[in-house]
Number of protein chains: 2
Amino acid sequence: MVTIKDLAKAAGVSPAAVSKALHGHPDISQATRQRILALAAEMNYRPNVLARSLVKQRTTTLGLFVLSRGSEGFLGQFAGPIIGGLMDCATAYGYDIVLFSTPGNGPARGLDADGTAGGEPPASPPPVSHVSYLDLCRERQVEGALILGLRLDDPALPELRESPIPLVLHDVALTGPHVSCIGCDNSHSTFEAVSFLLKLGHRRIGFINGHAQAAVSRERLEGYRQALQAFGVEPDPCLEAAGDFSQESGYRAAAALLELRPRPTALMAASDLMAIGALEALRVQALRVPEDVSLVGFDDIPAAQHLQPPLTTVRQDRYQTGWLAGKTLIEATQGKMVPARIVVPAQLVIRQSTASPAAEARST
Amino acid sequence: MVTIKDLAKAAGVSPAAVSKALHGHPDISQATRQRILALAAEMNYRPNVLARSLVKQRTTTLGLFVLSRGSEGFLGQFAGPIIGGLMDCATAYGYDIVLFSTPGNGPARGLDADGTAGGEPPASPPPVSHVSYLDLCRERQVEGALILGLRLDDPALPELRESPIPLVLHDVALTGPHVSCIGCDNSHSTFEAVSFLLKLGHRRIGFINGHAQAAVSRERLEGYRQALQAFGVEPDPCLEAAGDFSQESGYRAAAALLELRPRPTALMAASDLMAIGALEALRVQALRVPEDVSLVGFDDIPAAQHLQPPLTTVRQDRYQTGWLAGKTLIEATQGKMVPARIVVPAQLVIRQSTASPAAEARST
DNA sequence: CTGTTAGCGCATTCAC
DNA sequence: GTGAATGCGCTAACAG
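My aim in this report is to walk through the structure given alongside it, one point at a time.

Analysis parameters
- Residues numbered from 1 in each chain as written.
- Chains lettered and ligands numbered in written order.
- Predicted model: local features only at pLDDT ≥ 70, side-chain atom pairs only at ≥ 80, totals over all residues.
- Heavy atoms only, no water.
- Pairing = 2+ DSSP bridges.
- Helix = DSSP H or I, 4+ residues; strand = E, 2+ residues; numbered from the N terminus.
- Axes fitted to C-alpha atoms, helices over the stretch in contact; angles between N-to-C directions.
- Near = heavy atom within 4 Å.
- Polar contact = N/O pair within 3.5 Å; in protein donor to acceptor, adjacent residues only side chain to side chain.
- Nonpolar A, V, L, I, M, F, W, Y, C, P; charged D, E, K, R; others polar.
- Salt bridge = Lys/Arg side-chain N within 4 Å of Asp/Glu carboxyl O.
- Buried < 20%, exposed > 50% of the residue type's maximum accessible area, 1.4 Å probe, protein only.

### What to know about the sheet that holds strand β7 (residues 240-242) of chain B
Residues and elements named next belong to chain B.
No. 1: Sheet architecture is open: 4 strands sit in the order β7-β6-β8-β9, paired in parallel fashion. The open sheet is flanked by β7 and β9 (294-296), the only strands paired with a single partner. Averaged over all pairs of adjacent strands, the angle between their axes in this sheet comes to 20°, without regard to strand direction.
No. 2: In this sheet, strand β8 (residues 266-269) lies alongside strand β6 (residues 205-209) in parallel orientation, the contact comprising 4 bridges.

Shown next, in the form of structure tokens:
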């Protein structure tokens, strides 16, 4: 590893002079500067970021937490594009990203082929209590962090609110002096989607919600209720079913809702995955979509457009979410004021799973 | 930021003593050790990873490159689960991951809402030539790196082969003293899939390949040819169509293949996305799947099971890929010998897009 | 313009 | 057992 000292020796100057030359400081002669630069290129010198960060007390590094992993969770479906946006943004601003190891989200699957977890013992150097997200940030000296997949029942929530470094939380409406939240306007988007159904003439609209530990569940439910109210439709608690974002739960919730009489003429699911489950339930009951029952999802996952029929749903731009989160974080580290809530545009994508209710249903 | 020095002052000992106590060195009395530990917890001390790495000359950090991004590329579809596996593995071994900013994969989309790229000037400190992947690794002192989305025409290939640090390349069969390749056995998997079609009785099987810059394209094509040969079927160059992994290209390639007479009774696409395009082409020509034409994909993306009909395809376990890549890298950094080729199991998932050819087609 | 000094936070010699 | 000294690679503040 060729260091600044090696360069100095080779050029016959002091290490400090090399540093100055490399950074284009004015107090260095063009001649020696050129010589040093040529030497650096020749010897393939690269600065040690660690050392630089240590002395400058700045790392130009952002942290990224992906909490709900496990192959099929958040990461599988959505994190990819968000990470892509975040990376591209970081690249544009010259920042790096460190992906944090968060113990607790251990293997589960994917264990070594030989069945063991292999490797060295944990080797956790300082046996100081349980490391929190913020502690990880401090250890790594990241200047800000994006947290994906945070749940409302995470015990770290109060601590996060008091974070001394900029934090952006995805889909969790927690705010603090340095904490912002990013996500689409769930309430409003759901309002739009349900309003669309209402405009089509639907009056009995079932809502399949996600689990209560996700902030988006509350918000989407609220949007659903507001839409009904705006159209003067009496809300019916029986029409609000609880799922957990999974396909399986969507199936169950839809099956239950379809037992109701009069049967709902439309179903809105708080995730596309649950909408897919609902679609199954409808198929099992030989109900046609959209002729007998209209269906709307949320997310616009890639599969949505390939369903039979293609699913009407709310599209979120995950890539842009990542980009905006990165931008917010970086600006915050540079001392700029940032909004407590960053809303990412979402839009209703109308496909073929929605139509006006049949006349007889309509009249009920 | 509370440092080891602060602890020393508070405990009335030297910084060195604190370091020893924290690491459980034997040459420190239990009494003072406990005192220091208690103090550390109390003052919420966290070691500075940067400083530690600098002195220990070890970072326990892996690098991750995701080369073909841009919201819809590799990252969108596959990188998520791979990253998940990598992270979980790293967590298990106590490693961290840094996601590299690779200039050149700039914004394209997702630009700031205000249209500008914003932020500070590039501020690239040392104006030393163009930074390569390996240079980034050196700067960050990562001990090994996983590269996703590398293309066969990447000019860095020769340099990578000579890498001084362990590298794992996804789906690129480049090997060197410290370079391994990870991926499924594309040739064999395709062989299996095509053999399945042959066993069903198909004899005219069209193959829709990916672009030539991907190593997997060659390998899959080879598997296709070998299967034909194994069943004594004369290969017909007309049946080999070129795509680029995109849905659009799958549509075009399939449309062309379906012009042939006698018409192929089955199509195999080198990616599910292209299979989806092929499905469209089939629909446009009013050909039924699988009655008129059987269809096989590759990847088993989430949408595959929701197609009409559900797609027979080759499933790759991306999560496991990430895990194995991480394990390989970490073991390599620990001096263990690692295989030059890590093959991740893949399996044919038989759904409803495949069946025996109709009798009349069969006889031709 | 140039070089010397000092220190970022930590771990590892070595004396005491 | 303990603490002082040294250095990881780099940059900042000085002094020449």
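### Here's the deal with the protein's contact with DNA strand D
No. 1: Close contacts around DNA strand D come from 28 residues, with Ile4, Tyr45 and Arg52 of chain A together with Lys20 and Asp27 of chain B the closest.
No. 2: For DNA strand D, the fraction of protein-proximal atoms (within 4 Å) that sit in sugar or phosphate groups is 71%.
No. 3: Val55 of chain B places a main-chain nitrogen or oxygen 3.5 Å from a base oxygen of DNA strand D.
No. 4: At 4 residues, the largest contribution of residues to the surface near DNA strand D is made by helix α4 (residues 49-56) of chain A.
No. 5: For the surface near DNA strand D, the residue count by class is 12 nonpolar, 9 polar and 7 charged.

### Concerning the pattern of salt bridges
No. 1: Evaluated as defined, the whole model comprises 28 salt bridges over all chains.
No. 2: Between Arg288 of chain A and Asp292 of chain A there is a salt bridge; the shortest N-O distance is 3.1 Å.
No. 3: Exposure remark for Asp292 of chain A: the relative accessible area of 27% places this residue in the partly exposed category.
No. 4: Two residues, Asp236 of chain B and Arg204 of chain B, come together in a salt bridge whose shortest N-O distance is 3.6 Å.

### Regarding the protein's contact with DNA strand C
No. 1: Residues in close proximity to DNA strand C total 26 residues, the closest being Lys20, Asp27 and Ser29 of chain A together with Ile4 and Arg52 of chain B.
No. 2: Within the contact set of DNA strand C, a phosphate oxygen lies 3.1 Å away from a side-chain nitrogen or oxygen of Thr32 of chain A.
No. 3: Contact between DNA strand C and Asn48 of chain B: a phosphate oxygen at 3.0 Å from a main-chain N or O atom of the residue.
No. 4: Going through the elements one at a time, α2 (15-22) and α4 of chain A together with α1 (4-11), α2 (15-22) and α4 (49-56) of chain B are the ones with two or more residues in the surface near DNA strand C.
No. 5: Looking at side-chain class alone, the surface near DNA strand C contains 12 nonpolar, 9 polar and 5 charged residues.

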